Amino acid sequence: MSNSNPVQVIAVTGGKGGIGKSNVSINLALALSSMGRRVVVLDADLGLANIDVLLGITSNRNLADVLSGECGLRDVMVEGPGGIKVVPASSGTQKMVSLSPLEHAGLINAFSEISGDLDVLVVDTAAGISDSVVSFLRAAQEIVVVVVDEPTSITDSYALIKLLNRDYGIHRFRVLANMVKTQQEGRHLYSKLVKVTDRFLDVALQYVGSIPFDEAVKKSVQRQRAVLDAYPRAKASLAYKSLAQKADSWPLPSSPRGHLEFFVERLVQA
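A brief look at the structure comes next. Fair warning: this is a prediction, and the values are worked out from it, not measured in the lab. (Residues numbered from 1 in each chain as written. Predicted model: local features only at pLDDT ≥ 70, side-chain atom pairs only at ≥ 80, totals over all residues. Heavy atoms only, no water.)

1. Quick word on the sheet that holds strand E4 (residues 85-87)
A sheet is described by the order of its strands in space; here 8 strands give the open sequence E3-E4-E2-E5-E1-E6-E7-E8, paired in mixed fashion. Each edge of the open sheet is held by one strand with a lone partner, namely strand E3 (78-79) and strand E8 (204-212). Direction of pairing for strand E7 (residues 172-180) relative to E8: parallel, over a ladder of 7 bridges. Residue pairing in the sheet places Ala 177 in a bridge with Ser 210 of E8. Sheet contacts for helix H1 (residues 21-34): strand E1 (8-13), strand E2 (39-44), strand E5 (120-125), strand E6 (142-147) and E7; angle to E5, the most-contacted strand, approximately 170°. (Pairing = 2+ DSSP bridges. Helix = DSSP H or I, 4+ residues; strand = E, 2+ residues; numbered from the N terminus. Contact = heavy atoms within 4.5 Å. Axes fitted to C-alpha atoms, helices over the stretch in contact; angles between N-to-C directions.)

Here it is, written out as structure tokens:
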């Protein structure tokens, strides 16, 4: 992609914890990288970072150092598997959990310095609906909401969509069912969510498929590797490849939407 083209920014979220968001982020990034895209993964769980742990990589610096002005983003990026790059967050740092809106804006704007180095930014958000989560979701062009077969997953996803729709005018969301036993189960989960959003909200949800429950995912986590890297022919790995092909066809934005976004100067150029 030429420098004037916008970067595709995909935020992976879901309201609650324990639904496999980080695994989705990592494997989607790997699958896109295998298609020739230059991909950076941002660990946006600022207080309880885990992307580096899942991938077994170590970094001497993280986003806290960028925020303090000690270094730039390029200095904290580390090489991950399959050619992806990872921007690690800090773990167990209370200050990073309670950043001001201005500090969130500073972090988002800091990404401008690497805008020529990537085609796709995958943002792995924290659980919940904190200011930090909302800031990163508002700054992304694509929001992938991960749901699992638990009542709290549907209610928390609905609460997140409602907040973003009502307070920030975001209307479009992609829905991914994770750890499903069958494809029908995935569609059923999507239908449950659509049933409540259609009734109470003015939003458009698009189902982007499902990732099957797969023991290979558990094994890969234990080995601190992405399932796509450790078990490329596993059921989950094939599903991630399919998801990446869909994501690669999502239209790129051509102009800013009016609030803080990643790589806004690239949108203005485009």
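2. Examining the packing of aromatic side chains
The full count for this structure, using the stated rule, is 5 aromatic pairs. Ring geometry for Phe 111 and Phe 263: centres 6.4 Å apart, planes at 90°, overall edge-to-face. One end of the pair, Phe 111, is in the loop between helix H6 (101-110) and E5; the other, Phe 263, is in the loop between helix H12 (235-248) and helix H13 (264-269), and 152 residues separate them in sequence. Geometrically, the ring pair formed by Tyr 190 and Tyr 207 is tilted, given 5.1 Å between the ring centres and 35° between the ring planes. Taken together, the residues Tyr 190 in helix H9 (residues 183-200) and Tyr 207 in strand E8 connect sequence positions 17 residues apart. Take Tyr 190 and Tyr 207: they sit in the same class, and that class is buried. (Phe/Tyr/Trp six-rings, centres within 6.5 Å; stacked < 30°, edge-to-face > 60°. Buried < 20%, exposed > 50% of the residue type's maximum accessible area, 1.4 Å probe, protein only.)

3. What about the packing of helix H8 (residues 151-168) against H9?
Any two packed helices are characterised by how steeply their axes cross, that is the angle between the axes, and by the distance between the axes. H9 packs onto H8 with a crossing angle of 40° between their chain directions and a minimal axis gap of 10 Å. In this view, H8 runs oblique relative to H9, as classed from their interaxial angle. With respect to the hand of their crossing, H8 and H9 are arranged in right-handed fashion. Residue-level contacts link Ile 154, Ser 157, Tyr 158 and Ile 161 of H8 to Leu 189, Lys 192, Leu 193, Val 196, Thr 197 and Phe 200 of H9. Tallied by class, the residues present in the contact of H8 with H9 amount to 7 nonpolar, 2 polar and 1 charged. (Parallel < 35°, antiparallel > 145°, perpendicular 65-115°, else oblique. Left-handed = near helix turned anticlockwise from the far one by under 90°. Nonpolar A, V, L, I, M, F, W, Y, C, P; charged D, E, K, R; others polar.)

4. Concerning the nonpolar core
Formed by 57 residues in total, the largest nonpolar core has its most connected members in Leu 42, Leu 121 and Phe 262. Filtering out sequence-adjacent residues up to four positions away, Leu 121 remains in contact with Val 7, Gln 8, Val 9, Ile 10, Val 40, Leu 42, Phe 111, Phe 262 and Phe 263. Membership of the second largest hydrophobic core comes to 40 residues, among which are Val 217, Tyr 240, Ala 247 and Trp 250. (Core = buried A, V, L, I, M, F, W, Y, C linked by side-chain atoms within 4.5 Å.)

5. What about the pairing of E2?
Here E2 lies mainly inside the structure; 6 of its 6 residues are buried. Covered by surrounding structure in E2 are Val 39, Val 41 and Asp 43 together with Val 40, Leu 42 and Ala 44, the residues of both alternating faces. Across 3 bridges, E2 lies against E4 in parallel orientation. Pairing of Val 41 across the sheet is with Val 86, part of E4.

6. Points about the pairing of E7
Of all 9 residues in E7, 7 are buried; the element is thus mostly enclosed. Pairing of E6 with E7 involves 4 bridges; the strand directions are parallel. Bridge pairing links Val 144 to Arg 174 in E7. Since E6 and E7 lie parallel, the crossover through H8 that links them has a hand, and here it is right-handed. For the segment spanning E7, H9 and E8, crossover handedness is right-handed. (Right-handed = clockwise from strand over helix to strand, strands pointing away.)

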